[in-house]
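One letter stands for each residue in the lines below.
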Protein chains: 2
Amino acid sequence: MTRPLAVGIAGLGTVGAGVLRLLRDNAALIAARAGRPIEVVAVSARDHSRDRGITLHGLRWVDDPIALARDPAINVVVELIGGANGPARALVESALDAGKPVVTANKALIAEHGATLAARCERSGAKIRFEAAVAGGIPVIKALREGLAANRVASVTGIFNGTCNYILSRMQQEKLDFAAVLADAQAHGYAEADPSFDIDGVDTAHKLAILAAIAFGRQVDFAAVHVEGIRRVSALDIAFAEELGYRIKLLGIARATEAGIETRVHPAMVPLASPLAHVDGVNNAVVAEADPVGAIVFAGRGAGAGPTASAVVADLIDLARGRDTPMLGVVTASLENRKSVPMGAHRGAYFLRLMVVDQPGVIADVTAVLRDHGISLESMLQHGRSPGEAVPVVLVTHITRESEMRAALDQLAALDSVLEAPALIRIEPA
Amino acid sequence: MTRPLAVGIAGLGTVGAGVLRLLRDNAALIAARAGRPIEVVAVSARDHSRDRGITLHGLRWVDDPIALARDPAINVVVELIGGANGPARALVESALDAGKPVVTANKALIAEHGATLAARCERSGAKIRFEAAVAGGIPVIKALREGLAANRVASVTGIFNGTCNYILSRMQQEKLDFAAVLADAQAHGYAEADPSFDIDGVDTAHKLAILAAIAFGRQVDFAAVHVEGIRRVSALDIAFAEELGYRIKLLGIARATEAGIETRVHPAMVPLASPLAHVDGVNNAVVAEADPVGAIVFAGRGAGAGPTASAVVADLIDLARGRDTPMLGVVTASLENRKSVPMGAHRGAYFLRLMVVDQPGVIADVTAVLRDHGISLESMLQHGRSPGEAVPVVLVTHITRESEMRAALDQLAALDSVLEAPALIRIEPA
């Protein structure tokens, strides 16, 4: 067996401690699969004294993480600091420029600086690997980049954020409102004190931008992702979804259309026949549609110390074995110039819920607006009667262009008989 | 871009033609991902004139497939002849001995000769890759061998045979008997004229033996797999399964127990909460339980020209990129000596259906036999009454040792009041 792969880890939070623990617990097995031992020789973290539930005895401490990049005794840098910029970015760039391979779980960094990182890798010959950045323990980057490499991908659709999926699952199962479940999730550590990155869809968008680049062989284009979060999903709409045969999930969707690549993150109605409808709690799942393989589903834990460490160490094993793949599956010169299409060009079916005054003529006004925008209806639901009171009216459209839907929505919101901002949720095919 | 990877294909059935078509249809994309073009330069098949729906113009025909192994103009041999021995084995062994890499979809060959093939590869330095041998288009070998390489696997459970799953799905959905669905499946090309390899579980056992070797880092041990097929699954038992909250699936299960590795293929009751319960038709699915990643699910098309070609070409791309992995994930010297345990040592819950004469004392006789073998009951079902007639009695046991269950079954079958061979179906946890 050749000499060990010497690793320096920057960032010793939950994931960093998990990586240390995994490399110790499964050391023999990992050495056999890597063809050589993988040994952590140095660490860098702000807090030396915090109890991480694991001994750090024998590890060299480095105060400035950048020093790991320059240290000739370190073969690979593992970046677990996080954040698209700041010390994480500085460390990764220093390591790559020094020709040193990097393993990272940092989705923000890859999503926001993917293009320049790929160029840096090619200049220096260094590798960057980031399996842990998307869907945690599910090896979906390897699957798309290598396992399905012979395929032309038509779409990648997934549940990428465990916090959002946990909240939506509990809202559905317990018929609770968003705010109540969020507060409870925060109390139990399933949601951050500041949950906006998760619940506003940004985390999902980071992951989607990365997967879309690999799936479609193009540069990472985070700026083009249309992003909506789950704050406005209501218990009422979840109940209507149920009645119509759907579950509401926060999806990340990347799809090749005639106009270009559509990338969007938003709550969506998912038919019960879809495997994504049954992914509950903190789990993640990804469905890839590709030619000639057809639909492939991957599901598992998308976050947490164990699953994330599993992905980080898998990347280290690849590096130890010398298994080589360009950052996005192909060299940057072979990336295709497949442009992103704006959300206004999206075509799909829509669920629209209006709170209206229950009085004669309201439905006629509403449907006239839709007609004027060329929007045809598949179904309408209005339960019960409360003359003069506010009642919900649900409209499900046939395939419609988003820009028309938006224009109609503005007009509907302006009607006197429409009492609140309309709720609009896109319906995805099975 | 470097010079093309020159491929010789032996066997031009559905899959061989699919590989040719895929390499042509997605040539540019495959070249970018492989870092070089992949070109078929020679083929070998018995029938030169059959219409395969694809032009073979420009390809060199070789009558003796062994010649592909020795041809210096060929970089990689793709073996799609099939069969554990005969020309397929001779070709693969010749190629490996000549140091030439092989890609194959041949599960029988890998399952029955895995140990000697691994040794051959190490002697000559040649590679053998066989993603297409298990679960068709689902990249499950790559996922287990590389993506989950940091994990200690506890179990791998899957639906690996599309024909059996199609038959069981239709029996369940349409309440039909096995024979009727099999005949219909044969008429529509979903089952072979001689379906025994599929429906007797042999195909599933081949695939399971391969996955178990990779998951547990040991030699392939096909002989140790306990194999039962689906011929004796009845519409009656499927209906009882439904009543009890289960689906009946033909599973391949490899599990690490304290006594060693259990590998078994048999119809099983799968709880509706398990993702495997909802895999219908010709689809395949695999659930891996591993530490620290947890449960990971993979699902997709397990057979057919497109999915199989996807896996074959993914292997070619890995070879073109020089991505290197020992055949079973670790070198043979690092394989662990984890012995297989006999089926008699299995411990699990059982569904037992007896056809008994409906008369006083029968249940007392039956339960006395179970008591004498230390088998305790979780539940019993007997619907309706037909005094003096044959009626089904269903017994669900708590966790029981297989050897005790078998001994009890022999005694039950010998009771005068038990009218047919008892039906025994193992129950798997969720």
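It should be emphasised that the depicted structure is a prediction, and the values quoted were computed from it without experimental measurement.

S.K.: How would you sum up the interface of chain A and chain B? Please name residues and give values.
M.R.: For interface size, the figure often reported is the accessible area lost on association. Across the contact, 47 residues belong to chain A and 46 residues belong to chain B. The junction of chain A with chain B conceals about 3800 Å² of combined surface from both sides, 56% of it contributed by carbon and sulfur atoms. When residues of chain A are sorted by the area they lose upon contact with chain B, A:Arg33, A:Ala150 and A:Arg323 head the list and together hold 17% of the total. Linking chain A to chain B there are four salt bridges. Inspection of the chain A/chain B interface yields 18 residue pairs in polar contact (both at pLDDT 80 or more). Looking at the side of chain A that touches chain B, the elements that each hand over two or more residues are α1 (14-25), α2 (27-34), α6 (140-147), α10 (202-216), β12 (294-301) and α12 (305-321) of chain A. Ranked by residues supplied to the side of chain A that touches chain B, first place goes to α12(A) with eight residues. Bridge count between β12(A) and strand β12 (residues 294-301) of chain B: three bridges; the pairing is antiparallel. Its bridge partner being in β12(B), A:Phe298 is matched across the sheet by B:Phe298.

S.K.: Give me the lowdown on the pattern of salt bridges, citing residues and values where you can.
M.R.: Scanning the entire structure with this criterion turns up 60 salt bridges over all chains. We note a salt bridge from A:Asp358 to A:Arg385, for which the minimum N-O separation is 2.9 Å. Pair noted here: A:Asp358 is in the loop between β13 (347-357) and α13 (362-372) and A:Arg385 is in the loop between β14 (377-381) and β15 (390-397), with a separation of 27 residues, a long-range link. Residue classification places A:Asp358 among the buried residues on the basis of a relative accessible area of 5%. For B:Glu93, the salt bridge is made with B:Arg89, and the minimal N-O distance between the two is 2.9 Å.

S.K.: Residue-level account of the relation of the copies chain A and chain B, with values.
M.R.: Each copy of the sequence occupies a distinct position, and chain A is placed on chain B by a rotation of 180° and an axial shift of 0.0 Å, giving an RMSD of 0.0 Å. Expressed as an axis order, the relation between the two copies is that of a two-fold axis. Both copies share a contact surface, since 98% of the interface residues of chain A are interface residues in chain B too.

S.K.: Summarise the side chain of A:Glu79; cite the residues concerned and give the values.
M.R.: All names here are of chain A. Take Glu-79: it is sitting in strand β4 (residues 76-79). No salt bridge is formed by the buried Glu-79; the nearest opposite charge belongs to Lys-107, separated by 10 Å. Here Ile-81 takes part through its backbone nitrogen, which lies 2.7 Å from a polar atom of the side chain of Glu-79. In terms of polar contacts, Glu-79 uses its side chain to reach the backbone amide nitrogen of Gly-82, at 2.9 Å. Setting aside anything within four residues of it in sequence, one finds Glu-79 in contact with Ala-10, Ala-88, Leu-91, Val-92, Val-103, Thr-104, Ala-105, Asn-106 and Leu-109.

S.K.: Can you lay out the nonpolar core for me, pointing to particular residues and giving the numbers?
M.R.: Counting residues in each nonpolar core, the largest one holds 172 residues, and the members touching the most others are A:Ile128 and B:Ile128. For A:Ile128, the contacting residues outside a window of four places in its chain are A:Val92, A:Leu96, A:Val102, A:Thr104, A:Ile110, A:Leu117, A:Cys121 and A:Met327.

S.K.: Before we move on, could you go through the packing of aromatic side chains and cite the residues and values that matter?
M.R.: The description of an aromatic ring pair rests on the distance of the ring centres and on the angle between the ring planes. Going through the model one piece at a time under the given rule, you end up with three aromatic pairs over all chains. Judged by centre distance (6.1 Å) and plane angle (90°), the ring pair of A:Phe298 and B:Phe298 falls under edge-to-face. With A:Phe298 in strand β12 and B:Phe298 in strand β12, this pair bridges two chains. Each member of the pair, A:Phe298 together with B:Phe298, is buried. Relative to B:Tyr190, the ring of B:Tyr166 lies with its centre 4.6 Å away and its plane at 35°, an arrangement referred to as tilted. Separated by 24 residues along the polypeptide, B:Tyr166 in helix α7 (residues 162-174) and B:Tyr190 in the loop between α8 (178-187) and α9 (196-199) bring together distant segments of the chain.

S.K.: Outline helix α5 (residues 107-124) of chain A, listing residues and values.
M.R.: Residue and element names in this part refer to chain A. Its 18 residues place the ends of α5 only 22 Å apart at the C-alpha level, less than the 26 Å of an ideal helix rising 1.5 Å per residue. Considering bend angle alone, the principal kink of α5 is centred on His-113 and spans about 85°. Every buried residue of α5 is accounted for by Ala-108, Leu-109, Ile-110, Ala-111, His-113, Gly-114, Leu-117, Ala-118, Arg-120 and Cys-121. The N-capping residue of α5, defined by a side-chain oxygen 3.3 Å from the backbone nitrogen of Ala-108, is Asn-106. Count one or two residues on from α5 and you reach Gly-125, which has phi positive near 80°.

S.K.: Kindly report on the UniProt feature "domain: ACT" (unreviewed entry) in chain A, identifying the contributing residues and their values.
M.R.: According to UniProt, the positions carrying the feature "domain: ACT" (unreviewed entry) are residues 351-426 of chain A. The span residues 351-426 of chain A carries 30% helix and 34% strand; its end-to-end C-alpha distance comes to 6 Å.

Here is what the cut-offs are and how they apply
Residues numbered from 1 in each chain as written. Chains lettered and ligands numbered in written order. Predicted model: local features only at pLDDT ≥ 70, side-chain atom pairs only at ≥ 80, totals over all residues. Heavy atoms only, no water. Contact = heavy atoms within 4.5 Å. Buried area = accessible area lost by both parts, 1.4 Å probe. Salt bridge = Lys/Arg side-chain N within 4 Å of Asp/Glu carboxyl O. Polar contact = N/O pair within 3.5 Å; in protein donor to acceptor, adjacent residues only side chain to side chain. Helix = DSSP H or I, 4+ residues; strand = E, 2+ residues; numbered from the N terminus. Pairing = 2+ DSSP bridges. Buried < 20%, exposed > 50% of the residue type's maximum accessible area, 1.4 Å probe, protein only. Least-squares fit on C-alpha atoms with pLDDT ≥ 70 in both. Lys, Arg positive; Asp, Glu negative; His and termini not counted. Core = buried A, V, L, I, M, F, W, Y, C linked by side-chain atoms within 4.5 Å. Phe/Tyr/Trp six-rings, centres within 6.5 Å; stacked < 30°, edge-to-face > 60°. Expected span 1.5 Å × (residues − 1). Bend = angle between axes of the 7 residues up to and from the residue. UniProt positions renumbered as here; feature names shortened; annotations may be inferred.

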